[in-house]
Amino acid sequence: QVQVVESGGGLVQPGGSLRLSCAVLGSAVGFHTMGWFRQAPGKSRDLVAFIEGETRTSYVDSVKGRFTISRDSSKNTAYLQMNNLEPEDTATYYCYADPYVGGREWGQGTQVIVSS
């Protein structure tokens, strides 16, 4: 059974940094794309960033220059380095992985709170 496990969320002050990790466990296939969505209370779940292959990345405008997504395909793991965090970044962050065979896999989410 495939599991997507996120970690690294927490409480941080404005201007601080966090690094989220996303590991896909129990899969026999690779994933061409991995990424992150986020959902703030009372709002929709929106795409934050994704990485296709090893190097093709894309970011929502509001995080460009502050967030960096990367991956280690040998470990089916992706990372989201978040710097200069703002209160508007407060949300639950959900990792996803798109396999070469089969449908999208989702994690359970990790909470990020940016507050002084």
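Description of the structure in this document. Nothing here was measured: the structure is a model prediction, and the numbers come from that model.

**Topic: the overall build of the chain**
The helix and strand inventory of the chain stands at 0 helices and 11 strands. Along the chain, from the amino end to the carboxyl end, the secondary structure elements read β-β-β-β-β-β-β-β-β-β-β. Computed over the C-alpha atoms, the radius of gyration of the chain is 14 Å, within 12% of the 13 Å expected from 2.2 N^0.38 for a compact globule of 116 residues. For the chain, buried positions account for 40% of its 116 residues. Taking as baseline every contact in the chain between residues at least 6 positions apart, the subset at least 24 positions apart corresponds to 54%. When the accessible surface of the chain is split by element, carbon and sulfur atoms take 47% of a total near 6,100 Å². Of the side chains in the chain, 10 bear a positive and 11 a negative charge, and the two mean positions are spaced by 1 Å.

**Overview of unusual backbone geometry**
Phi angles above zero are rare outside glycine, and Asn-76 is one such case at about 50°. In this fold, Asn-76 is placed in the loop between β7 (67–72) and β8 (77–82). A positive phi is found at Asn-84, a non-glycine position, where the angle reads about 50°. Counting through the fold element by element, Asn-84 comes out in the loop between β8 and β9 (91–99). Owing to a relative accessible area of 45%, Asn-84 belongs among the partly exposed residues under this scheme.

How each quantity is defined
Residues numbered from 1 in each chain as written. Predicted model: local features only at pLDDT ≥ 70, side-chain atom pairs only at ≥ 80, totals over all residues. Heavy atoms only, no water. Helix = DSSP H or I, 4+ residues; strand = E, 2+ residues; numbered from the N terminus. Rg over C-alpha atoms; globule rule 2.2 N^0.38 Å. Buried < 20%, exposed > 50% of the residue type's maximum accessible area, 1.4 Å probe, protein only. Contact = heavy atoms within 4.5 Å. Areas by Shrake-Rupley, 256 points an atom, 1.4 Å probe, with all protein chains shown as cover. Lys, Arg positive; Asp, Glu negative; His and termini not counted. Charge placed at Lys NZ, Arg CZ, Asp CG, Glu CD.

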